[in-house]
Each structure stands twice: as structure tokens, then as C-alpha cells.
Amino acid sequence: MTSKPTVAVLGAGGVGGLLAALLSRSGHRVICLVREATAHTLRGSGIEVRSRQFGGFTAAVEAATELCEPVDTCLITVKHTTLDAALTRVPREVLGDALVVPLLNGVEHPAILRARYRPDRVAPGVIRVESTCLRPDGAGPVVIEHDSPFVEIDLTAGTAPRPRIEALAANLTDAGTTARAVEDENGALWAKMAFLAPLALLTTRYRLPLGEARDRHREELESLVAETVAVSRACGAPADLTQTLARYDAFPPAMKSSMQRDAEAGRPLELDAIGGALLRAADRHHVPVPVTSRLVREIGAAHH
């Protein structure tokens with residue numbers, strides 16, 4: 001029996017903490033790359049998961065402030081707002097042949113990673129999950145609250161070796177997620193963007209969970225989705241207006257976007273990675289996006 005691949009996880013927040021715990025629980029050696037204080041906590045008490053899907057469990061992980069040995073895969077799960085600073089924890093020369101798998105919001109980060117690491121090892125993915133890191137005061141474990149009854153991951157084999165992407169998808173599925181390898185990187189990133197941007201902008205602008213936002217601001221939601229789908233298509237990615245809107249209506253009314261949670265907690269917003277990237281793509285392709293522009297402007301002014 002071959003031993004399972006070693007996985008480094010950059011960041012131990014809602015997404016990184018959940019994946020690190022699931023992979024550890026299924027027998028992988030997991031190294032979380034985090035700040036010293038978080039590393040100390042993780043070494044002492046691991047990651048506690050409270051999940052609708054997986055129940056409650058605690059997983060032991062290793063923790064370091066910087067990668068100092070080769071691994072098979074490095075999952076990049078920090079927010080775009082901290083990406084540059086966080087990447088100093090992953091030196092290029094140590095990473096070697098490892099797959100670099102960013103699971104970030106937005107569409108501009110793959111270029112940043114390919115400029116820094118081996119372009120033929122960067123395999124951007126998208127994750128659909130509602131998961132939050134609750135940082136307890138003082139001692140005690142890092143607690144991950146996983147609210148969605150799913151963890152769906154699409155891994156793209158755009159420039160990386162497909163067999164390795166498929167093996168990683170199998171390992172992630174084995175750990176409890178629903179993961180698959182897909183061919184079209186651009187399509188996968190924009191499919192996520194077409195759903196995420198309207199959700200993030202609308203819920204953050206009006207400080208409402210999805211249910212109230214979609215009811216009270218239906219017209220704006222429809223305009224945001226139409227604009228995002230138009231940009232997505234201009235960028236060469238298929239996107240379906242009716243299907244995207246139907247997904248909003250299927251989601252639980254209490255759902256909040258991660259940007260909205262960041263706004264409520266006074267954290268920096270991924271406004272540029274999501275809204276800004278969308279506006280830049282719209283500008284490049286001369287697609288009018290008046291509602292998106294206004295919401296990005298208003299959120300920016302409110303959180304300046």
C-alpha cells in the first residue's frame with residue numbers, strides 16, 4: 001500500500017482549515033503554513049470541525065510558518081487580500097515539483113502564481129462551500145464551522161499534468177469532498193465568478209443574508225447576474241443567465257457571502273479581487289456593467 005501524499009495548506013481559515021482537517025482525518029500528512037501564534041495553537045490542539053455534513057471531529061495537523069521540505073501538493077487557501085504576504089511562506093526553491101493549487105476567489109491570481117512558481121505545476125481550482133473559522137479567545141483549538149451540506153471542488157488541468165490532478169481529486173473525494181478534474185480553467189474560474197460576484201456584492205452592499213437580498217433587491221440581482229454573465233462570455237467562458245439565477249433561488253435564505261462576513265467582522269474585503277477584477281475584464285472587452293460599477297463604488301466608499 002502506498003502512503004498518501006503529503007499536503008501543505010497555506011492558511012487555516014474557513015476553507016484551508018476544513019480541507020486540512022478532512023485530509024488529515026483520511027490519512028494524509030498535512031502541514032499548515034500559518035502565522036506563529038496560529039502554528040502554536042494548531043500544534044497543541046489541532047483543528048476542531050463542526051459540520052452539518054461531517055459531524056464534529058478534531059484532526060491533528062503539523063504547522064509551520066514556512067515550508068521547509070518538499071510536499072506533493074500545496075493548497076493555497078488564503079484570501080486574495082493577504083496573498084502576496086502569505087506566499088513568502090512558500091519559497092519557490094523548496095516547493096520543487098509540487099502541484100500549486102489555489103482555491104481563491106477571482107480570476108487574476110493564476111497569473112501571479114505562474115509568475116512565481118513553475119507554470120506547469122499551477123493548477124487553479126474553485127471550491128463551493130460555506131465554512132467559517134471561529135478563532136476562540138486564548139487557548140483552545142482552531143474551530144471550523146462548516147454550514148453548507150457540501151464541499152464541491154473543481155480542479156483544472158490547464159497547464160499541470162492531468163494524472164496528478166486526477167489523483168488529487170480522488171484523494172479529496174476520498175477525504176469527504178466532491179472533487180473532480182475539469183479541462184477548462186477559464187470556464188471554471190468564470191463559472192465561480194458569475195455566481196460569486198453578484199452574491200458578494202449584493203449581500204455586502206445591503207448587509208443582508210441571501211434570502212432577504214434576493215427578495216428585496218431582485219431587480220438588482222438580475223442586473224448583476226446579467227452583467228457578470230455578459231463579461232464571462234466575453235472572456236470566452238460559457239455562462240447561463242437562467243441557470244445562475246436559479247442557483248440563487250435554490251440556496252438557503254440564511255446564506256451569507258464571505259465578503260459580507262468580512263465586512264461584518266471589520267476585516268479587509270476581497271472587493272478588488274472580485275468586483276475590481278470583474279470591472280477590469282468588462283473594460284477590456286467593452287461590456288457595459290453599470291450596476292456592478294455602482295455597487296463596487298458604494299461598497300468601497302462604505303469600507304474605506
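The paragraphs below set out a description of the structure included in this document. Only a predicted model underlies this, so the values are computations on that prediction, with no experimental measurement involved.

Rules and cut-offs
- Residues numbered from 1 in each chain as written.
- Predicted model: local features only at pLDDT ≥ 70, side-chain atom pairs only at ≥ 80, totals over all residues.
- Heavy atoms only, no water.
- Pairing = 2+ DSSP bridges.
- Helix = DSSP H or I, 4+ residues; strand = E, 2+ residues; numbered from the N terminus.
- Axes fitted to C-alpha atoms, helices over the stretch in contact; angles between N-to-C directions.
- Contact = heavy atoms within 4.5 Å.
- Buried < 20%, exposed > 50% of the residue type's maximum accessible area, 1.4 Å probe, protein only.
- Disulfide = S-S within 2.5 Å.
- Core = buried A, V, L, I, M, F, W, Y, C linked by side-chain atoms within 4.5 Å.
- Parallel < 35°, antiparallel > 145°, perpendicular 65-115°, else oblique.
- Left-handed = near helix turned anticlockwise from the far one by under 90°.
- Nonpolar A, V, L, I, M, F, W, Y, C, P; charged D, E, K, R; others polar.

## Notes on the sheet that holds strand β3 (residues 47-51)
Reasoning step 1: Read across the sheet, four strands follow the order β4-β3-β10-β9 without closing on themselves; strand pairing throughout is mixed. Every other strand in the sheet has two partners, leaving β4 (55-59) and β9 (131-134) as the edge strands with one partner each. Geometrically, the sheet is characterised by an average inter-axis angle of 20 degrees between neighbouring strands, direction not taken into account.
Reasoning step 2: Contacts from helix α2 (residues 36-45) reach β3, β4 and β10 (142-146), with the element oriented near 85 degrees to β10.

## Points about the sheet that holds strand β7 (residues 99-102)
The pairing of strands in a sheet happens through backbone hydrogen bonds and is either parallel or antiparallel.
Reasoning step 1: Reading across the sheet, the five strands line up as β5-β2-β1-β6-β7 and stay open at both edges, with parallel pairing between neighbours. Either end of the sheet is taken by a strand with one partner, and the two such strands are β5 (62-64) and β7. Taking each pair of neighbouring strands and ignoring which way they run, the sheet shows an average axis angle of 20 degrees.
Reasoning step 2: With respect to the sheet, helix α1 (residues 14-25) is in contact with β1 (7-10), β2 (30-33) and β6 (73-76), its orientation differing from that of β2 by roughly 165 degrees.

## Section: the side chain of glutamine 260
Reasoning step 1: By the element assignment, glutamine 260 lies in helix α11 (residues 258-264).
Reasoning step 2: Taking relative accessible area as the criterion, glutamine 260 reaches 2% and is therefore assigned buried.
Reasoning step 3: Excluding residues that lie within four positions of it along the chain, glutamine 260 makes contacts with Thr203, Thr204, Arg207, Leu208 and Pro209.

## Observations concerning the state of the cysteines
A disulfide bridge is the covalent bond that connects two cysteines by way of their sulfur atoms.
Reasoning step 1: Overall, the coordinates contain zero disulfides when judged by the stated rule.
Reasoning step 2: Between cysteine 68, a free cysteine, and cysteine 74, which holds the nearest cysteine sulfur, the sulfur-to-sulfur gap is 13 Å.
Reasoning step 3: Judged by relative accessible area, which is 67%, cysteine 68 ranks as exposed.

## Topic: the pairing of β7
Across a regular strand the side chains alternate sides, sitting on one face of the sheet and then on the other.
Reasoning step 1: Burial along β7 is two-sided: the face carrying Leu99 and Val101 and the face carrying Val100 and Pro102 are both buried.
Reasoning step 2: Pairing analysis gives four bridges linking β6 to β7, with the strands arranged parallel. Counterpart to threonine 73 in the pairing with β7 is leucine 99.

## Quick look at the nonpolar core
Across soluble globular proteins, nonpolar side chains show a tendency to be buried alongside one another.
Reasoning step 1: Counting 43 residues, the largest nonpolar core has Trp190, Met193 and Val231 as its most contacted members.
Reasoning step 2: Among the elements that take part in this core, helix α7 (residues 185-206) stands out by supplying eleven residues, more than any other.
Reasoning step 3: In contact with valine 231, not counting residues within four places along its chain, are Trp190, Leu278, Ala281, Ala282, Val287 and Val289.
Reasoning step 4: Core analysis: the next-biggest nonpolar cluster, separate from the first, contains 41 residues, Leu23, Ala59, Leu99 and Ala160 among them.

## With respect to the packing of helix α9 (residues 218-234) against helix α10 (residues 241-250)
Reasoning step 1: Look at α9 against α10: their axes get within 10 Å of each other, and the N-to-C directions meet at 135 degrees. The angle between α9 and α10 falls in the class oblique. Judged by the sense of rotation from one axis to the other, the crossing of α9 with α10 is right-handed. Contacts between α9 and α10 involve Arg218, Leu221, Glu222, Val225, Ala226, Val229 and Arg233 from the former and Leu241, Thr244, Leu245, Tyr248 and Asp249 from the latter.
Reasoning step 2: Taken together, the residues of the contact of α9 with α10 sort by class into seven nonpolar, one polar and four charged.

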